[in-house]
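Fold and contact review
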Number of protein chains: 2
Amino acid sequence: MNATETRQRMLQEAEKLYSEHGFDGMSLRTLTSDAGVNLASVNYHFGSKKELVMAMFQERIMPMNEERLERLNKAREAGNGVASLEGIFDALLIPVAERAQVNGVLDMHFLKMVGRAISESDDFWHELFIRNFQELSKTFVEALAEALPDLPREDVEWRFHFAVSSMLGTLVKHGQFARRMQGLGRSTDIESMFRRLRDFLCAGFRGQVEAMR
Amino acid sequence: MNATETRQRMLQEAEKLYSEHGFDGMSLRTLTSDAGVNLASVNYHFGSKKELVMAMFQERIMPMNEERLERLNKAREAGNGVASLEGIFDALLIPVAERAQVNGVLDMHFLKMVGRAISESDDFWHELFIRNFQELSKTFVEALAEALPDLPREDVEWRFHFAVSSMLGTLVKHGQFARRMQGLGRSTDIESMFRRLRDFLCAGFRGQVEAMR
DNA sequence: GTCTATAGTCCGATAGAC
DNA sequence: GTCTATCGGACTATAGAC
């Protein structure tokens, strides 16, 4: 088997296992045996378990974040330099939604993988944030501040924090929630879920800042 | 040492370790040694690691949820039978905020403990939800539906899901986010954070339901 | 680059003396 | 109810043959 295929197989299996069990709960023995590669190849190709998982994020998140930035730029152009709130959140959310389907079939692994990152140890998360999300966050906060020039900067940042938390929490729990909703005869398709989330977040951002109480 | 004290020491230490490392990442050896009790007492008092953690949630969550329901009832009375959105979210959030301080000092363990539950394995979460949150969720969804009679029930449920996700995500990441905000000279006290979150969620719920697109 | 074999460590759980 | 001692098994990482 060639080197790139071995690497690719491990990364793919990592995504599945990480989404189901998180970093501490996944084992390299299960990973390599399910991926059909040798246990020792983890260290040969990645150096350590941590770097394997970091690489998994990098390879999946980076292209997604580029798409997010492209969409944000298009939303800015469409608004003559200032993107609409809806445009901003679509830019943030649609690239995630697109990756929830593999060959047209709903696949929760990517969603849960992204959402689960929120609960990793502070050290791990910090490194992940610096490597993959710091720049993106800054750009989106800028865009939001431009879209809502009357909202104090401090509130923009807090609300972005709430919005990202909501998105990640929704992702990690979507599978179970969708199952419950389905039992009640509710619609659970991924597009309508993301549209509802987008509208919820936009409305949250548009809320007034209350006077000091 | 008497039995209740041993139990209590373990539960307290469990809260700290669970909030920092999650279920898979915490070890009973560390727990018992830090708590100053014997390793074997975990199984004697709780039967298993899982039941220890379940007991930890139960003992902390149940009184909090009772307080939430009391506050919700008071908010209903204040509104002649229908609570305001603000009253509902205060009922949900204030009992959490109160527990973020121990002897007047900010203590993130409880917040992170609650927030972290969101990323546990589906089985564990499901059991935790049934035992501790199912009834509460139903009551709060009812209250929200009454407060917003024109919002379709399906949207009430989705938005509650988003709101809870936002709350949990915010809790688990609050420590790190607050540190970053503090570096920027922002205010980070827990009361203003929860007030901002409440206003964000209320505004999200008040948003219009868009027509089918 | 892939394999086997294993070092070295940690884990949850439990048996049995006190 | 608490202790020691240990079982039986999992884990990551690595050395070294091919």
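Residues numbered from 1 in each chain as written. Chains lettered and ligands numbered in written order. Predicted model: local features only at pLDDT ≥ 70, side-chain atom pairs only at ≥ 80, totals over all residues. Heavy atoms only, no water.

In the annotation of an unreviewed UniProt entry, chain A is listed under the name TetR/AcrR family transcriptional regulator and assigned to Rubellicoccus peritrichatus.

**Thoughts on the interface of chain B and chain A**
For interface size, the figure often reported is the accessible area lost on association. Using the following cut-off: In this analysis, two residues are considered to be in contact whenever any of their non-hydrogen atoms come within 4.5 Å of each other. Simply put, the buried area is the total loss of 1.4 Å probe accessible area from both parts when two parts are fitted together. Here, a salt bridge means any side-chain nitrogen of Lys or Arg that lies within 4 Å of a carboxyl oxygen of Asp or Glu.
With 50 residues of chain B at the interface, the matching set in chain A holds 51 residues. Both sides together, the interface formed by chain B and chain A hides about 4,800 Å², and carbon and sulfur atoms give 57% of it. Looking at the side of chain B facing chain A, the largest losses of area belong to Trp158(B), Phe162(B) and Phe200(B), adding up to 17% of the total buried there. Taken together, the connections running from chain B to chain A amount to eight salt bridges.

**Brief notes about the packing of helix α4 (residues 49-78) of chain A against helix α6 (residues 109-116) of chain A**
Residue and element names in this part refer to chain A. The line we're drawing: Working convention: axes come from line fits to C-alpha atoms, limited for helices to the stretch in contact. Angles between N-to-C directions cover 0 to 180 degrees. Only DSSP runs of H or I covering at least 4 residues are called helices, and only runs of E covering at least 2 are called strands; the numbering of each starts at the N terminus. Orientation is classified from the angle alone, with under 35 degrees giving roughly parallel, over 145 giving roughly antiparallel, 65 to 115 giving roughly perpendicular, and any other angle giving oblique.
The contact between α4 and α6 brings their axes to 12 Å, and the two run at 105 degrees. Considering their axes alone, α4 and α6 lie roughly perpendicular with respect to each other. Counted together, Met56, Phe57, Arg60, Ile61 and Met64 of α4 and Phe110, Met113 and Val114 of α6 form the full contact between these two elements.

**Structural notes on the relation of the copies chain B and chain A**
Rules: What sets the superposition is a least-squares fit of C-alpha atoms, and only residues with pLDDT of at least 70 in both copies go into it.
If you rotate chain B by 180 degrees and push it 0.0 Å along the axis, it lands on chain A with an RMSD of 0.0 Å. Interpreted geometrically, this transformation is the action of a two-fold axis. By residue overlap, the copies meet face to face through one surface: 100% of the interface positions of chain B are interface positions in chain A.

**A look at the protein's contact with DNA strand C**
Filter applied, for reference: Any residue with a heavy atom lying within 4 Å of a molecule or strand is counted as near it. Polar contacts, as used here, are pairs of N or O atoms within 3.5 Å; protein pairs need one atom able to donate a hydrogen and one able to accept it. Residues neighboring in sequence count only if both atoms are side-chain atoms. Under the convention adopted here, Pro, Cys and the residues Ala, Val, Leu, Ile, Met, Phe, Trp and Tyr are nonpolar, Asp, Glu, Lys and Arg are charged, and Gly plus all remaining residues are polar.
DNA strand C sits among 17 residues. The nearest are Met1(A), Asn38(A), Tyr44(A), Ser27(B) and Arg29(B). Within 4 Å of the protein, the atoms of DNA strand C are drawn from sugar and phosphate moieties in a proportion of 58%. Within the contact set of DNA strand C, a phosphate oxygen lies 2.8 Å away from a side-chain nitrogen or oxygen of Tyr44(A). Within the backbone of Met26(B), a nitrogen or oxygen atom sits 3.4 Å from a phosphate oxygen of DNA strand C. Here the residues of the surface near DNA strand C sort into eight nonpolar, seven polar and two charged.

**Here's the deal with the environment of Ile190(B)**
Residues and elements named next belong to chain B. Definition in use: For each residue, the accessible area found with a 1.4 Å probe, counting protein chains only, is set against the maximum for its type, and the residue is called buried under 20%, exposed over 50%, and partly exposed in between.
Following the sequence through the fold, isoleucine 190 ends up in helix α10 (residues 190-206). Look at isoleucine 190 and you get buried, because its relative accessible area is 3%. Sequence separation between isoleucine 190 and asparagine 38 is 152 residues; the distance between their C-alpha atoms is 36 Å. The contact partners of isoleucine 190, leaving out residues within four places of it in the chain, are Ala100, Gln101, Leu106, Leu111 and His174.

**Some remarks on the protein's contact with DNA strand D**
Neighbouring DNA strand D are 18 residues, the closest being Ser27(A), Arg29(A), Thr6(B), Asn38(B) and Tyr44(B). Across the atoms of DNA strand D situated within 4 Å of the protein, the share located in sugar and phosphate is 58%. Between DNA strand D and Arg29(A) there is a distance of 3.1 Å, counted from a base oxygen to a side-chain nitrogen or oxygen. One nitrogen or oxygen atom from the side chain of His45(B) is found 2.8 Å from a phosphate oxygen belonging to DNA strand D. Of all the elements in the fold, those that place two or more residues in the surface near DNA strand D are α2 (28-35) of chain A together with α1 (3-25) and α3 (41-45) of chain B.

**Considerations on the UniProt feature "domain: HTH tetR-type" (unreviewed entry) in chain A**
For clarity, the threshold we go by: UniProt positions are given in the numbering used here, feature names are shortened, and annotations may be inferred rather than shown by experiment.
Within this structure's numbering, the places UniProt gives as "domain: HTH tetR-type" (unreviewed entry) are residues 4-64 of chain A. Secondary structure across residues 4-64 of chain A divides into 85% helix and 0% strand, with the first and last C-alpha atoms of the span separated by 21 Å.

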